[in-house]
Amino acid sequence: MKKKKHSVLYYFLHDMKFKHKLLITYLLVLIPTFVAFLFLYGKLSRVITINTIESEQALVSQTANTLEGYVNQLNLAMDTITSNPYLSETVYAADNYRLPDSIENSSDALRFFADINSLIDHEFITDVKIYLPEGRKIHSANPAFSGTFIPVDSVTGSYWHGIFAGSPNTVALLCPGFYLTNAEIQNQGSLAYIKKFTNITNSPEECSYIAIYFSADYLKSTLQQSLTNIDSVYYLVNSRNNIVTATDAALAGTYSMRYEMIPETIDTSRQFTTVKILEESLYIGYRDISNTDWRLVSVIPADGILSEGQTILVNTVSLYLVFVILTCIIALLISGNMARRLSLVVKKMNQYSGKTPVKFENHTDRDEIGQLVYNYNGMVDRINGLINEQTETAEKLKVSEVRALQAQINPHFLYNMLDMINWLAQDGKQREVSIAVQTLSKFYKLTLSKKNITISIGEELRHVELYVKLQNMRYENNIAFIIDVPDEILDYEIPKLVLQPVVENAILHGIFEKETKEGTIVIMAWAEESDILFVISDTGVGIPPDILPVILDGKGTHGTGSNIGIYNTHLRLQLLYGKNYGLHYESVRGQGTEVHIRIPATLHTVL
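Residues numbered from 1 in each chain as written. Predicted model: local features only at pLDDT ≥ 70, side-chain atom pairs only at ≥ 80, totals over all residues. Heavy atoms only, no water.

Observations regarding the overall build of the protein chain
Point 1. If you tally the helices and strands in the protein chain, you get 17 helices and 21 strands.
Point 2. Relative to its 607 residues, the protein chain shows a buried fraction of 43%.
Point 3. Within the protein chain, contacts between residues at least 6 apart in sequence are counted, and of these 65% link residues at least 24 apart.
Point 4. Carbon and sulfur atoms make up 57% of the accessible area of the protein chain, which totals about 33,000 Å². (Helix = DSSP H or I, 4+ residues; strand = E, 2+ residues; numbered from the N terminus. Buried < 20%, exposed > 50% of the residue type's maximum accessible area, 1.4 Å probe, protein only. Contact = heavy atoms within 4.5 Å. Areas by Shrake-Rupley, 256 points an atom, 1.4 Å probe, with all protein chains shown as cover.)

Description of the packing of aromatic side chains
Point 1. As enumerated under the stated definition, the model contains 15 aromatic pairs in all.
Point 2. With 6.4 Å between their ring centres and 20° between their planes, Phe-112 and Phe-149 make a pair best called stacked. Of this pair, Phe-112 sits in helix α5 (residues 107–119) while Phe-149 is found in strand β4 (residues 149–151), placing the two residues 37 residues apart along the sequence. Residues Phe-112 and Phe-149 agree in their burial class; the two are buried.
Point 3. Between Tyr-131 and Trp-160, the aromatic rings sit 5.8 Å apart at their centres with planes inclined by 50°, giving tilted as the arrangement. (Phe/Tyr/Trp six-rings, centres within 6.5 Å; stacked < 30°, edge-to-face > 60°.)

As for the pattern of salt bridges
Point 1. Inspection of the entire model under this criterion finds six salt bridges.
Point 2. Residue Lys-129 is joined to Asp-127 by a salt bridge in which the shortest nitrogen-to-oxygen separation is 3.8 Å.
Point 3. In the salt-bridge network here, residues are joined through shared partners; they are Glu-528, Asp-531 and Arg-598. (Salt bridge = Lys/Arg side-chain N within 4 Å of Asp/Glu carboxyl O.)

Considering the sheet that holds strand β9 (residues 243–246)
Point 1. Spatially, β9-β8-β12-β11-β10 is the arrangement adopted by the five strands of the open sheet, whose pairing is antiparallel. If you trace the sheet from one side to the other, it starts and ends with β9 and β10 (273–277), each paired once. Strand-to-strand twist of the sheet, defined as the mean angle between neighbouring strand axes without regard to direction, takes the value 30°.
Point 2. Pairing of strand β8 (residues 233–237) with β9 involves three bridges; the strand directions are antiparallel. In the sheet register, Tyr-235 faces β9, and the bridge partner there is Ala-246.
Point 3. The strands touched by helix α9 (residues 216–224) within the sheet are β8, β9 and β12 (295–301), with β9 carrying the most contacts at an inclination of about 55°. (Pairing = 2+ DSSP bridges. Axes fitted to C-alpha atoms, helices over the stretch in contact; angles between N-to-C directions.)

Details of the sheet that holds strand β16 (residues 519–528)
Point 1. Across the sheet, five strands lie side by side as β14-β16-β17-β21-β20; this open sheet has mixed pairing. Whereas interior strands pair on both sides, the edge strands pair on one side only; in this sheet they are β14 (479–484) and β20 (582–588). Taken pair by pair, the neighbouring strands of this sheet meet at an average axis angle of 15°, ignoring direction.
Point 2. Pairing between β16 and strand β17 (residues 531–538): eight bridges, direction antiparallel. Bridge assignment links Ala-527 to a residue of β17, and that residue is Ile-532.
Point 3. Packed on one face of the sheet, helix α16 (residues 499–511) meets β14, β16, β17, β20 and β21 (592–600) and runs near 150° to β16.

A look at the packing of helix α15 (residues 457–474) against α16
Point 1. Axis separation between α15 and α16 bottoms out at 9 Å; the angle between their running directions is 25°. As judged from the angle between their axes, α15 and α16 are roughly parallel. In this structure, α15 crosses over α16, and the sense of that crossing is right-handed. Along its contact with α15, which presents Glu-460, Leu-461, Val-464, Tyr-467, Val-468 and Gln-471, the element α16 presents Leu-499, Gln-500, Val-503, Glu-504, Ile-507 and Leu-508.
Point 2. Split into classes, the residues belonging to the contact of α15 with α16 amount to eight nonpolar, two polar and two charged. (Parallel < 35°, antiparallel > 145°, perpendicular 65-115°, else oblique. Left-handed = near helix turned anticlockwise from the far one by under 90°. Nonpolar A, V, L, I, M, F, W, Y, C, P; charged D, E, K, R; others polar.)

As for the side chain of His-596
Point 1. With respect to the element layout, His-596 can be found in strand β21.
Point 2. At a separation of 2.9 Å, a polar atom in the side chain of His-596 contacts the side chain of Glu-594.
Point 3. If sequence neighbours within four positions are ignored, His-596 has contacts with Leu-533, Phe-534, Val-535, Gly-582, Leu-583, His-584 and Glu-586. (Polar contact = N/O pair within 3.5 Å; in protein donor to acceptor, adjacent residues only side chain to side chain.)

Focus: a nonpolar patch on the surface
Point 1. On the surface, Leu-319, Val-322, Phe-323, Ile-325, Leu-326, Ile-329, Ile-330, Leu-333 and Ile-334 cluster together into a nonpolar patch covering about 890 Å² of accessible area.
Point 2. With respect to the secondary-structure elements, Ile-325 resides in helix α12 (residues 302–353). (Patch = residues over 30% accessible without salt bridge, like charges linked within 9 Å, V, L, I, M, F, W, Y side chains within 5 Å.)

Section: the environment of Leu-119
Point 1. Tracing the sequence through the fold places Leu-119 in helix α5.
Point 2. Classification of Leu-119 by relative accessible area gives buried; the value is 16%.
Point 3. Residues Leu-119 and Ile-212 lie 93 residues apart in sequence; the distance between their C-alpha atoms is 9.4 Å.
Point 4. Every residue in contact with Leu-119, bar those within four places of it in the chain, is listed here: Ala-77, Thr-80, Ile-81 and Ile-125.

With respect to empty space enclosed by the protein
With a probe scaled to a water molecule rolled over the atoms, the places where space remains empty come into view.
Point 1. For the coordinates displayed, the defined rule picks out five cavities of 30 Å³ or more.
Point 2. In this structure, the largest cavity encloses a volume near 90 Å³.
Point 3. Lining the largest cavity are 13 residues, with Asn-505, Ala-506, Asp-538, Tyr-585 and Thr-593 positioned closest to its centre.
Point 4. Elements with a minimum of two residues in the lining of the largest cavity: α16, β17 and β21.
Point 5. In terms of residue count, α16 provides more of the lining of the largest cavity than any other element does, five residues in total.
Point 6. Per-class residue counts for the lining of the largest cavity are six nonpolar, six polar and one charged. (1 Å grid on protein atoms, 1.4 Å probe; cavity = no way out; pocket = protein on both sides within 12 Å on 5 of 7 lines; lining within 4 Å. Points joined across faces, edges and corners; volume = space filled by probe spheres on them.)

Some words on the pairing of strand β7 (residues 208–214)
Consecutive side chains along a regular strand alternate between the two faces of the sheet.
Point 1. Counting buried positions over the seven residues of β7 gives seven, a clear majority of the element.
Point 2. Burial of the side chains of β7 extends over both faces: Ser-208, Ile-210, Ile-212 and Phe-214 are buried on one face and Tyr-209, Ala-211 and Tyr-213 on the other.
Point 3. Sheet topology note: the strand β2 (residues 125–132)/β7 ladder contains six bridges and is antiparallel. Paired with Val-128 across the bridge in β7 is Ile-212.
Point 4. Note that strand β6 (residues 191–197) and β7 share seven bridges and pair antiparallel. Bridge assignment links Lys-196 to a residue of β7, and that residue is Tyr-209.

Some details on unusual backbone geometry
Point 1. For Glu-279, which is not a glycine, the phi torsion comes out positive at approximately 65°.
Point 2. With respect to the element layout, Glu-279 can be found in the loop between β10 and β11 (280–288).
Point 3. Taking relative accessible area as the criterion, Glu-279 reaches 71% and is therefore assigned exposed.
Point 4. Here the phi dihedral of Lys-517 falls at roughly 55°; this positive angle occurs in a residue that is not glycine.
Point 5. Here Lys-517 lies in the loop between α16 and β16.
Point 6. Residue Lys-517 is classed as partly exposed on the basis of its relative accessible area of 38%.

Now the structure itself:
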């Protein structure tokens, strides 16, 4: 019995046709998915509720921070007004006077009224008034001045004036709309921040008041931006249980709580609590607004959250079922098409591989995928073998070409050096011959001591120095040689014998063709992005204009010699690094030649 179950499973996984396998898989996936949705329905409702409450908590904190910013703006505006010295000068001057021109047009006066005008933005802060007590009227010819100072008896019937009069210790007051007179609401603003302005020399009846009027609609729009549920409400309540503003006045009145009861009913100002009002379950959270007696209250009906969550779940399930049905239909069509195409691919691969019919090994799957994998692996093995053979052949060819080109340079250089030593020997200069032989020995020791085709830039520069030293021995130090190469690039690699042929060419066909047989050779180098650029300049006779364009193609000649060394050097660099690298000649006849050599910046490693 065990063997039979194993055989059925093995047949399904390895040997059943691809189309039938996909059809059974789709059917098996649908059943657990439907069960999972039924199980997760209740969990999702809970998650949606929690996420909604957490989102509301974050919105309440954000909205409270915004309101605190508005309050800070009011405080800054009040500080700006009270700190101006002109205010004290005006309010506490002698009774009944006419402002002289010197005061009215003083810098303090101008700055005071400019400050007030800058505070009024007509969106949040709508107006600023200063109420003066009886007997301190200001008669000014300037209407802008007199419009700011108003007698306090014009607001003696207001609720806010009664609070100040009845509570001598009250210094400042944030006033809801009904604290203000109708005239204030119509002309100045729907809310006000009022501060008593006096000093110890005045009697209580001689108090002045600074009123900054601002917009309740502006606060309301801020609260409305945080609403996420059409049945929820935000409202601001002060310590006298007055509604300052609300997103919905009717709902705020229905769900209102007494100011002092809010902290007792709700556990913390940072969390929402379930509360029943009028037999309705509500989620309520609040935040105290700093520097005020306001509390921001957020109320969300529990039924609204649940119904919204249920709607989301029902819509999700419905959409899921629609997509499942469409997916099954499309998948069946695609799987049939894929099975047919796979069969055709397998048949073609069998034909080209010469394995028709396919003979599977014991561990090979017999469905379309198994046949495809079997044939594909065989093709990959054959292709990898061909690629490896081609890469190995190309690498060997490349190295052999480089070594052959390099070998062409070494005999050419050796011939010139032996000729020079022979000349010294004929002149009987035994000491110079000994130095020349030792120098030449050092040169070839550096060149031939390593199997690498590249060396460090520092070693290559030492090669060139030895070469110039040998030439100066022959021509009585007629060659001034300067190397200006920064230390930080000396450890980068360069192919052997790149600089020496260029320097040799500059000496033999540049400097030594001058009448004086004297000149200067300068080697400079620097890093340029991901490359290293050498510039070798000489003060020789220069290159004729007809020779310059063909000097790097192996066909041109220069003076009595050929350009084989220069051509091979340029060709070596392009074989090693590509067409973007190599030599570039610039020359002015009679002034000298400049050779640019570009190689990639690669640190030298000794193998």
